[in-house]
Amino acid sequence: MQHLSAMQEILATAWWALLGFSFLAYLVLDGADLGAGVISLFIKDPQEKGAIMASMAGTWDANETWLVVAGGVMFGTFPFVYGSAFHFLMVPLALALWGIISRAISLEFYHHAESSKRFWGFMFGFGSLVTPYFAGMAMGAVLLGFPMTSLHPGNAHANLGPFTLPTYSGSPLAFISPFSVWTGFGALIAVALAGGLFIRARFEKHCPVRETALTWANTSFYLALAAVVITVVWSIFLFPWAVHKWLGAYWWAWLLVLLATVFAAIKSRMATAKGHDLAAILWLNLVVTLMWGGMMATMFPWIVPNTWTIFSGASPNVSIITFTMAMIGFFPIMIMYNAYQWWVFRGRVTKLVAYGH
Amino acid sequence: MLLENTLSVLLARFDFAWITSMHILYPPLTFGLAPLLLFSEWRWMKTNEEHWYRLNRFFEKLFIVNFGAGVATGVTMEMSFGILFGPFSQAAGPFFGQILGYETITAFMYEAGFLGLMVFGWGKIGKKMHLFATFNVVLSSLLSAMWILIANSWMQTPRGVKLQDGSFHVTNWYTAIFTPDMVWAVPHMVVAGIVLALFFVAGVSAWFVLKGRHVDLFARPLKYALLAAVLVVPFQIWLGDTLGVVIAHDQPAALASMEGHYHTLNKDGSPNTGWHLLAWPNAEGNGNAWAITIPHVLSMLETHTLNGKVPGMDTIAPKDRPPVVIPFYSFRVMVAIGFFLWFVALWAAWLAFKGRLSISSIAKNKWFLRTLVFSAFLPYLAIWTGWWTREIARQPWIVYGLMRTAQGMSPMTVGQEIFWLAGYVIFELTVWGGTWYFFSKIIRKGPDMDSPVVGEGHEHLGHLEEPSHDESASPRYVRPA
């Protein structure tokens, strides 16, 4: 196995935090877009459906790109994890990617289509449904870990020469487990909640679609609450290492995280009820951030539990130069122009808004 | 026999070849068309002539449909390295993955951010800010092309790494990035995109002129695009030729396969300098069954001397020989298209010189216009065949000379590979069909000549699709100061 210097271990940990940030940005930003897409499946009025797409027109692409950034950070800094975990997840990733493809092209095509409008409207919503389900399933499968081997059974006679890094070579369907089937549903509930709040924040106050969205937000809030409880309880049985950490010396810190999460959830709920749409989203995002951060902290130092740690999965070339370039230079810039973009497209729309070009 | 020819390896290659071929249809038009959009927007701001604005908005519609398809197929690309070629991703990750990571951080996100502003920001941001957004789209899309070609060039002529503990450790970032192939492959790809965009614009414009619609609007981009092509296309041919010399020097096996060049020496011991116009390999794979050969041309092309020795396939160990038929014919198709496009551009220059590209007389050159419409498709084929040449002539290596494709592929069952392929055949064909269908729909609909020209921003945050009877629908988009 490889050896990182002490400095490289610190850098790898910092990159791990950055990886977590990129995934979080994707969850929070595209989660809302995907959720709005799921809700659009149940909206009959083609103008309303189109307006939901238009309401994310200027930002969806950048939101989705956070996933690509996360993938890029993973490939660049944790290539050993990337090369094995993604292969393990071939089937759910392929299905999620087909969802992403459907959603992306339907967004563009819907507004130019006439006779095929219904089809593209459906593909937009269906793609938005498939993506979070299988992404959630992939997440659940990763939490369970996967077995690795240095053998290459597909090419038993291959002269692998020096390329003997451990990788995944088991069944393509090993990702399926009761827990991963469940986490897929969990992800769907979460995006439905985010999508409901997103639609409420994006449409003019008098638009009827905001009422539909409220129903979605209310229902999925309670579903989400139940889902979190179920997932945590299930995790207690599945992941002894997690329980060990939660009840360890820093139990009070975990308790604080829990209380903060509950507080943020209540604030989000209250903001929804009062019609403070942006605040509702931001509080919900805080909930997601706390839970995501809590999950990463629970897993630390594992990236894939019992499979890859930050240090065994990191590139041997992690260097202070590339990290500094990314941190000092590019990440802050990315966040800056993203923020500007959201500012420009912050105005509420009505169902008569056209796709802006 | 050869490990590389097992069904499993062939399918893994085909899985990746398919998604790459279906992705490379879009980004070259994106980074080729973006500078032309910047040009038209800049002309509009400089001259305040409305037709530049109308042209910009019209081609922007095609641009965004193309971009959407590029994003849709591109996200897959990034994940597929890990999915289909996991061991390669692990071994090459320290360099290759880092470069792709930088592409996402410095280019992909950058592009996505400013593209939203460029396409949907009209009227919401000021004119100068909009021009700045367009400029950033140009820069970011070119950066993206650069990073991708850096990564791919390293696979062609790997440098600056050493193999240790099962992965390639970077010993020198500078030499790993600036490989012999990269220096020419990056501009060759970028200029390919520009040639594509020039002929795309010329082809679309020619169609309008042929139909007698908006002739005065489209005569101008048609002429400008083709006059630019008079210079750009030969530049591209020169870049390609220079890249060929690098390949001859650094990837002799690839060159031998592109040229169907089996024997280094003739039977009498003199260098084999013959260049095959057409050929077909024999069943044993150690020579050509038949060939139409011109002496001295191969040496001229690759060594720039009359009798220079070019290493043939017989200098390569049989287990390291690439396939011949596809690289050989792909390469010829690409080159033929390059010269044909130059001929079309020169034809345009001659017509312009004769004054026959003016608004009043341009519509009379029916055959010229039809040729232009046809020529708009050719750069796509040239890019495809060029990429196939590059990727297939590198076989059986995934990292030339260091890692074999069979060593780099994920351990997959044939069923898994077919599942992937079948799914992507359906999805990518839908994307392609949809994109070109909506291209043609947007083109048939023509440019929007009626909407008010946008001003300095702060005007509206959307526009209405149709006049409404519903009073509450009147736009209340007054933006807070």
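For the structure, see preceding data.
This structure is a prediction, so every number in the text was calculated from the model and none was measured.

Parameters and conventions
- Residues numbered from 1 in each chain as written.
- Chains lettered and ligands numbered in written order.
- Predicted model: local features only at pLDDT ≥ 70, side-chain atom pairs only at ≥ 80, totals over all residues.
- Heavy atoms only, no water.
- Helix = DSSP H or I, 4+ residues; strand = E, 2+ residues; numbered from the N terminus.
- Rg over C-alpha atoms; globule rule 2.2 N^0.38 Å.
- Buried < 20%, exposed > 50% of the residue type's maximum accessible area, 1.4 Å probe, protein only.
- Contact = heavy atoms within 4.5 Å.
- Areas by Shrake-Rupley, 256 points an atom, 1.4 Å probe, with all protein chains shown as cover.
- Arc of directions from axis to C-beta.
- Buried area = accessible area lost by both parts, 1.4 Å probe.
- Salt bridge = Lys/Arg side-chain N within 4 Å of Asp/Glu carboxyl O.
- Polar contact = N/O pair within 3.5 Å; in protein donor to acceptor, adjacent residues only side chain to side chain.
- Axes fitted to C-alpha atoms, helices over the stretch in contact; angles between N-to-C directions.
- Parallel < 35°, antiparallel > 145°, perpendicular 65-115°, else oblique.
- Nonpolar A, V, L, I, M, F, W, Y, C, P; charged D, E, K, R; others polar.
- Phe/Tyr/Trp six-rings, centres within 6.5 Å; stacked < 30°, edge-to-face > 60°.
- Lys NZ or Arg CZ within 6 Å of the ring centre and 35° of its normal.
- Core = buried A, V, L, I, M, F, W, Y, C linked by side-chain atoms within 4.5 Å.
- Patch = residues over 30% accessible without salt bridge, like charges linked within 9 Å, V, L, I, M, F, W, Y side chains within 5 Å.
- Expected span 1.5 Å × (residues − 1).
- Bend = angle between axes of the 7 residues up to and from the residue.

Asker: How should I be thinking about the overall build of chain B in this particular structure?
Answerer: Tallying secondary structure elements over chain B gives 15 helices and 6 strands in all. Taken over C-alpha atoms, the radius of gyration comes to 25 Å for chain B, in line with the 23 Å a tight globule of 481 residues would show. Dimensions along the principal axes, computed over C-alpha positions, put chain B at roughly 85 × 55 × 40 Å. The 481 residues of chain B split such that 60% are buried. Taking contacts inside chain B between residues at least 6 apart in sequence as the whole, the part at least 24 apart equals 78%. Total accessible area on chain B stands at roughly 18,500 Å², and carbon and sulfur atoms take up 68% of it.

Asker: Explain the overall build of chain A to me, please; I cannot follow it from the model alone.
Answerer: In terms of regular secondary structure, chain A is built from 13 helices and 2 strands. Rg of the C-alpha trace for chain A: 21 Å, near the compact-globule value of 21 Å for 357 residues, within the 12% margin. With respect to the three principal axes, the spread of C-alpha positions in chain A is 65 × 50 × 45 Å. Buried residues in chain A amount to 60% of all 357 residues. As displayed, chain A has an accessible area near 13,900 Å², and 77% of this comes from carbon and sulfur atoms.

Asker: Got a minute to help me understand helix 12 (residues 366-375) of chain B in this structure?
Answerer: Turn by turn, an α-helix covers 3.6 residues, leaving residues three or four places apart pointing in a common direction. Residues and elements named next belong to chain B. Taken residue by residue, helix 12 has F368, L369, T371, L372 and S375 as its buried positions. What you see down the axis of helix 12 is that its buried residues fit within an arc of 155°, all on one side. The inward-facing, buried residues of helix 12 abut helix 7 (180-211), helix 8 (215-250), helix 11 (325-353) and helix 13 (378-392).

Asker: Whenever I open this one, the interface of chain A and chain B confuses me. Can you help?
Answerer: You'll often see interface size given as the accessible area lost when the parts meet. Contact with chain A, which involves 88 residues of that partner, is made by 94 residues of chain B. Summed over both sides, the interface between chain A and chain B buries roughly 8,000 Å², with carbon and sulfur atoms accounting for 69% of that surface. Here chain A and chain B share 1 salt bridge between them. Among the salt bridges present, the one from K441 of chain B reaches E114 of chain A, with a minimum N-O distance of 3.5 Å. For the pair chain A and chain B, the number of links is 12 residue pairs in polar contact (both at pLDDT 80 or more).

Asker: Mind showing me how you'd approach the pattern of salt bridges here?
Answerer: Close approach of charged atoms allows side chains of opposite charge to pair. Under the counting rule described, the total for this entry stands at 14 salt bridges over all chains. The partner of R57 of chain B in a salt bridge is E60 of chain B, with the nearest N and O atoms 3.5 Å apart. Of this pair, R57 of chain B and E60 of chain B both sit in helix 3 (residues 50-84), 3 residues apart, which is roughly one turn of that helix. Accessibility assignment for this pair places R57 of chain B and E60 of chain B in one class, buried. A salt bridge links D320 of chain B to K319 of chain B; its shortest N-O distance comes to 3.7 Å. When its relative accessible area of 16% is taken as the criterion, D320 of chain B is described as buried. The exposure class assigned to K319 of chain B is partly exposed, which follows from its relative accessible area of 48%. Salt bridges linked by common partners bring R200, K205, R210 and D277 of chain A together as one network.

Asker: Where do I start with the environment of T293 of chain B in this structure?
Answerer: Residues and elements named next belong to chain B. With respect to the secondary-structure elements, T293 resides in strand 4 (residues 288-294). Here the alpha-carbon distance between T293 and H276, two residues 17 residues apart in the chain, equals 4.3 Å. Engagement of the side chain of T293 in a polar contact is seen with the side chain of H276, the distance being 2.9 Å.

Asker: Even after reading the chapter, I still don't get the packing of helix 3 of chain B against helix 15 (residues 414-445) of chain B, so can you show me in this structure?
Answerer: Each pair of packed helices gets described by two things: the angle between the helix axes and the distance between those axes. Residues and elements named next belong to chain B. Interhelical geometry of helix 3 versus helix 15 gives an angle of 170° and a closest axis separation of 9 Å. Between helix 3 and helix 15, the crossing angle belongs to the class labelled roughly antiparallel. Here F58, K61, L62, V65, N66, A69, T73, T76, S80, I83 and L84 of helix 3 come into contact with helix 15, specifically with W420, Y424, E428, V431, T435, F439, I442 and I443. Grouping the constituent residues of the contact of helix 3 with helix 15 by class yields 12 nonpolar, 5 polar and 2 charged.

Asker: I would appreciate a short explanation of the packing of aromatic side chains in the present structure.
Answerer: Two descriptors summarise a pair of aromatic rings, namely the distance from one centre to the other and the angle between the planes of the rings. Overall, the coordinates contain 72 aromatic pairs over all chains when judged by the stated rule. Seen in terms of ring centroids, F80 of chain A and W308 of chain A are 6.3 Å apart; in terms of plane orientation they differ by 35°. Their pairing is tilted. Note that F80 of chain A is positioned in helix 4 (residues 79-88) and W308 of chain A in strand 2 (residues 308-309), a separation of 228 residues in sequence. For F80 of chain A, a relative accessible area of 2% puts it in the buried group. Between the aromatic rings of F58 of chain B and F218 of chain B, the centroid separation amounts to 5.6 Å while the plane-to-plane angle is 80°, which identifies the pairing as edge-to-face. Placement of the pair is F58 of chain B in helix 3 and F218 of chain B in helix 8, with a sequence separation of 160 residues. The aromatic ring of W367 of chain B is capped on one face by R370 of chain B, whose charged end is 4.8 Å from the ring centroid. We note R404 of chain B situated over the ring of W397 of chain B; from NZ or CZ to the ring centre the distance is 5.0 Å.

Asker: I keep staring at the nonpolar core and nothing clicks. Help me out?
Answerer: In a soluble, globular protein the nonpolar side chains are often hidden away together inside. Within the largest apolar cluster, 256 residues are counted, with the highest numbers of intra-cluster contacts made by F88, F96 and W154 of chain B. Counting residues in each nonpolar core, the second largest holds 6 residues, with A256, A279, M313 and F328 of chain B among its members.

Asker: Looking at this model, I keep getting lost on a nonpolar patch on the surface. Mind explaining?
Answerer: Together, Y250, W251, W252, L255, L256, L258, L259, V262, I266 and M270 of chain A give the surface a local cluster of nonpolar side chains, amounting to about 1,100 Å² of exposed area. Among the secondary structure elements, M270 of chain A is positioned in helix 10 (residues 251-274).

Asker: It is not clear to me how helix 2 (residues 27-47) of chain B should be interpreted in this structure. Could you clarify?
Answerer: All names here are of chain B. Over its 21 residues, helix 2 extends 30 Å from the first C-alpha to the last, a length consistent with the 30 Å expected when each residue adds 1.5 Å. Taking the largest bend as the criterion, helix 2 deviates by roughly 25°, centred on L33, and proline P35 comes between one and four positions later. Considered for burial, the residues of helix 2 that qualify are P28, L29, T30, F31, G32, L33, A34, L37, L38, S40, E41 and W44. Buried residues belonging to helix 2 abut helix 3, helix 4 (86-120), helix 5 (127-156), helix 7, helix 13 and helix 15. One or two steps after helix 2, the chain reaches N48, where phi turns positive at roughly 60°.

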